[in-house]
Amino acid sequence: MAQMTMIQAITDALRTELKNDENVLVFGEDVGVNGGVFRATDGLQKEFGEERVFDTPLAESGIGGLSIGLALQGFRPIPEIQFFGFVFEVMDSIHGQMARYRFRTGGSINMPITIRSPFGGGVHTPEMHADSLEGLMAQTPGIKVVIPSTPYDAKGLLISSIRDNDPVVFLEHLKLYRSFREEVPEEAYTVPIGKADVKREGTDLSIIAYGAMVHESLKAAEELEKEGYSVEVVDLRTVSPLDVETIVASVEKTNRAIVVQEAQRQAGIAANVIAEINERAILSLEAPVLRVTAPDTIYPFAQAEGIWIPTYKDILETAKKVLTF
């Protein structure tokens, strides 16, 4: 075991799979000599060569097209979109092509592509660098969307994503890159895609979250414990496909739930989770399922993001509404 930050765990996963499979390729803007804007690929080009880890032009649409062509030739591409706010330039490749290939070819052609990209607020990035756009990805069948919240999960989920035969959008929250360390195995291991994780057991309320909001939810749960409430925190880890079984099991145990996301309120992951709960476990509920989200506005400039992004205090306020309903 080694103490790793999330960014170190991601680098370790990439190194592991580059060693494991000669068909794995890593490419994107500045991922080669520079090691990526956040150094996620630091040292990999030197170790594996320019044919396995290489820079691309500043053209996300080209990165997407290259990924598809390489996948068709038997490679396992790991393209990086430097910030997920730039994904609009490559939407046709992801939604119009990658997501449809298995269906289009009757299952005879796979798209084993893992699209890595940082996202999320709280670190004062410029405009279009922090947007939470996972809802756009999750709406499209054929794409798996993975969002780890810890270094351990990041390494295991990234290895699983790279080995998966379907396209995976692997989103890495900027604020979590170097915010803490935890023990991570140095050898290869996998964490299953599509399986949520109960990060904290409880009996009075379920808080369902993903990404950086898992940590805000855990803070809220600790505060609520001081007031005598036992709160369960469920980390979705994969937002498409959802682990509905784990979500429902938690709600049936606690009978109350809130869902937390950093993204804007409208048409988000939280709304989908609530719909699944209402369809499958409404008779177990003793209160409405509420959401904690950002407001339905364009992501603000850095000076205002501190009042825009949900925090544990917002989660506390909503949790008390549900607990005292």
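Each chain carries its own residue numbering, running from 1 in the written order of its sequence. Thresholds applied to this predicted model are a pLDDT of at least 70 for local features of residues and 80 or more for the giving and counting of side-chain atom pairs; totals over whole chains, interfaces and linings are not thresholded and use all residues. As a rule here, side-chain values come from all non-hydrogen atoms in the structure, and water together with hydrogens is ignored.

Looking at an unreviewed UniProt entry, one finds the protein chain named 2-oxoisovalerate dehydrogenase, with Heyndrickxia ginsengihumi as its source organism. The record in UniProt for the protein chain states the following under Cofactor (unreviewed entry): "thiamine diphosphate". UniProt positions are given in the numbering used here, feature names are shortened, and annotations may be inferred rather than shown by experiment.

(A) Summary view of the packing of helix α8 (residues 213-226) against helix α12 (residues 312-323). Axes, fitted as lines to C-alpha atoms, cover a helix only where it is in contact. Angles between the N-to-C directions of the axes lie from 0 to 180 degrees. Numbering of helices and strands starts at the N terminus; helices are DSSP runs of H or I of at least 4 residues and strands are runs of E of at least 2. Relative orientation of the contacting elements α8 and α12 amounts to 55°, with a least axis distance of 9 Å. Judged on the interaxial angle alone, α12 and α8 are oblique. Classified by chirality, the crossing of α12 by α8 is right-handed. Contacts between α8 and α12 involve M213, E216, S217, K219, A220, E223 and L224 from the former and Y312, I315, L316, A319, K320 and L323 from the latter. In these notes the angle categories are as follows: under 35 degrees is roughly parallel, over 145 is roughly antiparallel, 65 to 115 is roughly perpendicular, and the rest is oblique. The hand of a helix crossing depends on one turn: near helix anticlockwise from the far one by less than a right angle means left-handed, and clockwise means right-handed. Contact between two residues is taken to exist if any of their heavy atoms lie within 4.5 Å; hydrogens are not considered.

(B) Layout of the packing of helix α9 (residues 244-254) against helix α10 (residues 269-281). It is at 10 Å that the axes of α9 and α10 come closest, and there the two elements cross at 65°. The handedness of the crossing between α9 and α10 comes out as right-handed. Every residue of α10 that contacts α9 at V244, I247, V248, V251 and E252 is listed here: V273, E276, I277, R280 and A281. Considered class by class, the residues forming the contact of α9 with α10 number 7 nonpolar, no polar and 3 charged. Under the convention adopted here, Pro, Cys and the residues Ala, Val, Leu, Ile, Met, Phe, Trp and Tyr are nonpolar, Asp, Glu, Lys and Arg are charged, and Gly plus all remaining residues are polar.

(C) Quick peek at the nonpolar core. Among the nonpolar cores identified, the biggest contains 47 residues, and F84, I94, I208, L236, V273 and I277 are the most heavily contacted of them. Counting residues per element, the ones that place at least two in this core are β2 (24-28), α3 (60-72), β5 (114-119), β7 (168-173), α9, β13 (257-264) and α10. The leading source of residues in this core is α10, at 6 residues. How far each domain reaches was decided by an automatic or database domain assignment. Two domains each provide a minimum of three residues to this core, namely domain 1 (2-184) and domain 2 (197-324). Beyond its immediate stretch of four places on either side in the chain, V273 contacts I208, L236, L242, I247 and V259. Put simply, buried Ala, Val, Leu, Ile, Met, Phe, Trp, Tyr and Cys residues joined by side-chain atoms within 4.5 Å make one nonpolar core. For each residue, the accessible area found with a 1.4 Å probe, counting protein chains only, is set against the maximum for its type, and the residue is called buried under 20%, exposed over 50%, and partly exposed in between. Ranked by size, the runner-up nonpolar core spans 32 residues in total, among them I7, I162, Y189 and V191.

(D) Quick look at the domain arrangement of the protein chain. Looking at the protein chain, the domain boundaries give domain 1 (2-184) and domain 2 (197-324). The interface is formed by 26 residues belonging to domain 1 together with 21 residues belonging to domain 2. Overall, the association of domain 1 and domain 2 removes approximately 1800 Å² of surface from exposure, summing both partners, and the carbon and sulfur fraction of that is 55%. Identification of polar contacts relies on pairs of N or O atoms within 3.5 Å, with a donor-acceptor requirement for protein atoms, meaning one able to donate a hydrogen and the other able to accept it, and with residues adjacent in sequence counted only if both atoms are side-chain atoms. Scanning the region where domain 1 abuts domain 2 turns up 14 residue pairs in polar contact (both at pLDDT 80 or more). Secondary-structure elements contributing two or more residues to the side of domain 1 that touches domain 2 are α6 (134-138), β6 (144-146) and α7 (151-163). Partitioning the side of domain 1 that touches domain 2 into residue classes produces 11 nonpolar, 10 polar and 5 charged. What gets called buried area is simply the loss in accessible area from a 1.4 Å probe that two parts show on being joined, summed for both.

(E) Expanded view of the layout of surface pockets. Counted as a void, the largest pocket has a volume near 690 Å³. If you go around the largest pocket, you meet 34 residues; those closest to its centre are S132, L133, L136, Q264 and Q266. Mapped by element, the contributors of at least two residues to the lining of the largest pocket are α6, β12 (238-240), β13 and α10. The element that contributes the greatest number of residues to the lining of the largest pocket is α6, accounting for 4 residues. Tallied by class, the residues present in the lining of the largest pocket amount to 17 nonpolar, 13 polar and 4 charged. No fewer than three residues from each of domain 1 (2-184) and domain 2 (197-324) sit in the lining of the largest pocket. Buried and open spaces are told apart on a 1 Å grid over the protein atoms alone, a cavity being a set of points where a 1.4 Å probe fits but cannot get out and a pocket being an open set with protein on both sides within 12 Å along at least five of seven lines. Residues with an atom within 4 Å of a point are the lining residues. Grid points are joined across faces, edges and corners, and a volume is the space filled by probe spheres set on the points. Each pocket or cavity is described by its volume, and for the second largest pocket that value is around 320 Å³.

(F) Spotlight on a negative patch on the surface. Each patch is built from residues lacking any salt bridge and having more than 30% relative accessible area; the joining distance is 9 Å for like charges and 5 Å for nonpolar side chains (Val, Leu, Ile, Met, Phe, Trp, Tyr). Using the Shrake-Rupley algorithm and a 1.4 Å probe, accessible areas are obtained, with residue cover drawn only from the displayed protein chains. A pair is scored as a salt bridge if a Lys or Arg side-chain nitrogen falls within 4 Å of a carboxyl oxygen belonging to Asp or Glu. By the counting scheme adopted, Arg and Lys are positive, Glu and Asp are negative, and His together with the chain ends is not counted. For the purpose of locating charges, the reference atoms are NZ of Lys, CZ of Arg, CG of Asp and CD of Glu. A contiguous patch of negative charge on the surface is contributed by D30, E50, E51 and D55. Looking at the secondary structure, you find D30 in the loop between β2 and α2 (44-48). By relative accessible area, D30 is classed as partly exposed at 33%.

(G) Layout of unusual backbone geometry. A cis amide bond links S240 with the next residue in sequence, P241, at an omega value of 0°. Note that P241 resides in the loop between β12 and α9. With phi around 70°, M128 is a residue other than glycine that occupies positive phi space. Of note, M128 is situated in the loop between β5 and α6. A relative accessible area of 42% means that M128 is categorised as partly exposed. Although it is not a glycine, R237 sits at a positive phi angle of roughly 65°. Examined against the element boundaries, R237 turns out to sit in the loop between β11 (231-235) and β12.

(H) Here's a closer look at the sheet that holds strand β10 (residues 205-209). Here, strands pair whenever DSSP counts at least two bridges between them. Overall, mixed pairing links the 5 strands, which are arranged β9-β11-β10-β13-β14 in an open sheet. The sheet is open, and its two edges are formed by β9 (197-200) and β14 (290-294), each paired on a single side. Averaged over all adjacent pairs, the angle separating strand axes in this sheet is 25°, with direction ignored. As paired strands, β10 and β11 are joined by 5 bridges and run parallel to one another. Paired with S206 across the two strands is E232, which belongs to β11. The strands touched by α8 are β9, β10, β11 and β13; relative to β11, the strand with the most contacts, the crossing angle is about 175°.

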